[in-house]
Amino acid sequence: MDALVLCFCLALGLIHTTEEKVLRRGRVPPHIVFVMVDDQGYNDIGYHGSEIHTPVLDQLAGEGVKLENYYVQPICSPTRSQLMTGRYQIHTGLQHSIIRARQPLCLPSDIPTLPERLRQAGYSTHMVGKWHLGFCRPECLPTSRGFQSFLGSLTGSGDHFSFQSCDGTEACGFDLHDGNRPAWELKTAIICHDQRTPLFLYVALQAVHTPLQAPGHLLRRYQTLGNRPRRHYAAMVSGVDESVGEIVSELRERGYYNKSVLIYSSDNGGQPLSGGCNWPLRGGKGSYWEGGVRAVGFVHSPLLKRKRVVSQALIHISDWYPTLLSLAGYRDSDSSHLDGQDVWGAISSGLPCPRTEILFNIDPVSRRHGEVDPRLLNVNGFGIWDTGVRAAIRAGDWKLLTGNVGDGDWFPPQTMPGGPQQWQGMEKRRDQHGKAVWLFNTADPYERADLAEARPEVVKVLLARLAEYNRTAVPPRNPPDDPMADPQLHGGVWTPWLGQEEAGDEGVDEEPDNTNRKARSKSTCRVCKLRALFKKVGNRMQRAALFL
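Residues numbered from 1 in each chain as written. Predicted model: local features only at pLDDT ≥ 70, side-chain atom pairs only at ≥ 80, totals over all residues. Heavy atoms only, no water.

### Regarding the pairing of strand S15 (residues 357-363)
Taken residue by residue, a regular strand's side chains alternate between the two faces of the sheet. The buried fraction of S15 is high, at 7 of 7 residues. Pairing of S15 with strand S16 (residues 390-395), which is carried by 6 bridges, proceeds in the antiparallel orientation. Across the sheet, residue Leu 359 finds its bridge partner in S16, namely Ile 393. (Buried < 20%, exposed > 50% of the residue type's maximum accessible area, 1.4 Å probe, protein only. Helix = DSSP H or I, 4+ residues; strand = E, 2+ residues; numbered from the N terminus. Pairing = 2+ DSSP bridges.)

The structure is reproduced here in structure tokens:
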């Protein structure tokens, strides 16, 4: 269970300027609550037949619209970037992997974000939970990208209760922030929010991401599960279920519910070796198989024109950007730069969905520089596409994968004792060995029948689509880690580190003992750089010594 939610209670803000703007328009758009849960697998919710109990989520989804043809990205940062921008990774430079804690990289500042646009539409915007879109500079923080308040973490994972986060074994620090300052003592101020001002609340839970931590009363519900990771994971999912219930109760008690839209989404598939389960889908987190990108998702709202239905509309995480802006009454004068589609009509009214295709990704960094096999272009790729490059696309009823797209095994529910060593032989497939192209039809959602050789004409069409998309891609941004990001150089806190020479200790609050710190001078920062260099060299020497 995410510890932030325990003290959540809707910490809402009131911005008079946005209220006045909405009142002048004479209409109030709906309140929007977007709940994103971390690493929840397809088989990790009750209404998909899971042994995990999720009564609140089951009821909310059952009373709303279940999204059963809904896709996200296979890992954290890419999914969150597309939610925030409505653009594919190839159009933001974030094609490769996550944004690491020490990486001098963040969401491009020249691309408007969803909360920025919603503020222009008169919304009050607030975020609780996990950011994971970079924080190397102060202008990368959530409060600089459209959120009026932020209580949460900046990195990708950490202890759910102590808020200590480590990037490998070399860099660890405190990662709980209130706005742009560390929240050494977690305090939640409940501020009355005027209901005439529409609210956008983004609740990005770190649960059920590792470390697997859950309170005893939730663990006791799953005593019969012999597999320890699955037991802890299940308890965390139950914690998420309770937390969402608390949010909905607050919405009801405060009078928001009848004019609200609640969206629930996982950010990627579950990690089977950490308790997650995507059965019967193939693969998991980090892969472009269905188990990595097909998500748990639903919409619950009194404003839906049709309820208690299952939607098979093809929907992607990037679609929420234009969909929510449309609900907010925001009209973008130039939406041609977006990859997302407005899918509210398909969700609420059952209208034909405008989306027919999803580019999951094209990652040129997946192929090392100079590592080219002419056969992958001229034979497998029909002279159209280098199939050694990791890429995935779905068009209509077809899905094409190229390159190393991740582990393609099936992982049945992990209810047996003994741990991962007993799962290794289960449904192990060898069809990835030596292959670079796979083709599947949606009639085979479990991806058991590769049709690449049987339908070469479809392969050629989809390879051509990849080539067309690639011509619109911006160069990938994947800078090396910066040793200056080490929290030990910044008071033990994960915080922006670029531009801090001029800003002194901006963003670094007092320690719990309220000891005042002096601002760093430029000379001190030079010493910090030397310390970072020595630490980096020392760590490398320690690693090398292990192999002597």
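### Quick look at unusual backbone geometry
A cis amide bond, omega 15 degrees, links Ala 207 with the succeeding residue Val 208. Its place among the elements puts Val 208 in the loop between strand S10 (199-204) and helix H6 (216-219). Of note, the bond from Trp 279 into Pro 280 is cis; its omega dihedral lies within 30 degrees of zero at 10 degrees. By the element assignment, Pro 280 lies in the loop between strand S11 (260-266) and helix H8 (290-293). The backbone phi angle of Phe 163 is positive, close to 65 degrees, even though this residue is not glycine. With respect to the helices and strands, Phe 163 occurs in the loop between strand S5 (149-153) and strand S6 (164-167). Owing to a relative accessible area of 14%, Phe 163 belongs among the buried residues under this scheme.

### Side note on the nonpolar core
Among the nonpolar cores identified, the biggest contains 59 residues, and Phe 34, Phe 200, Tyr 202 and Trp 320 are the most heavily contacted of them. The biggest single contributor to this core is helix H9 (residues 320-327), with 5 residues. Counting 36 residues, the second-largest nonpolar core is a separate cluster that includes Leu 57, Leu 199, Tyr 222 and Ile 247. (Core = buried A, V, L, I, M, F, W, Y, C linked by side-chain atoms within 4.5 Å.)

### Concerning the pairing of S10
Within S10, 6 of the 6 residues are buried, which leaves the element mostly enclosed by the surrounding structure. The alternating pattern of S10 places Leu 199, Leu 201 and Val 203 on one face and Phe 200, Tyr 202 and Ala 204 on the opposite face, and all of these are buried. Looking at chain direction, strand S1 (residues 31-37) and S10 are connected through 5 bridges and run parallel. Bridged to Ile 32 within S10 is Phe 200. Pairing analysis gives 6 bridges linking strand S4 (residues 124-130) to S10, with the strands arranged parallel. When the sheet's bridge partners are listed, Ser 124 is paired in S10 with Leu 199.

### Things to note about the sheet that holds strand S2 (residues 65-67)
What the 10 strands build is an open sheet, ordered S9-S8-S5-S4-S10-S1-S11-S12-S2-S13; its pairing is mixed. The sheet is open, and its two borders are formed by strand S9 (181-182) and strand S13 (309-311), each paired with just one other strand. Pairing of S11 with strand S12 (residues 297-300) involves 4 bridges; the strand directions are antiparallel. Residue pairing for S12: Leu 262 is matched across the bridge by His 300. Against the sheet, helix H7 (residues 228-253) contacts S1, S10 and S11, and its axis sits at roughly 175 degrees relative to S1. (Contact = heavy atoms within 4.5 Å. Axes fitted to C-alpha atoms, helices over the stretch in contact; angles between N-to-C directions.)

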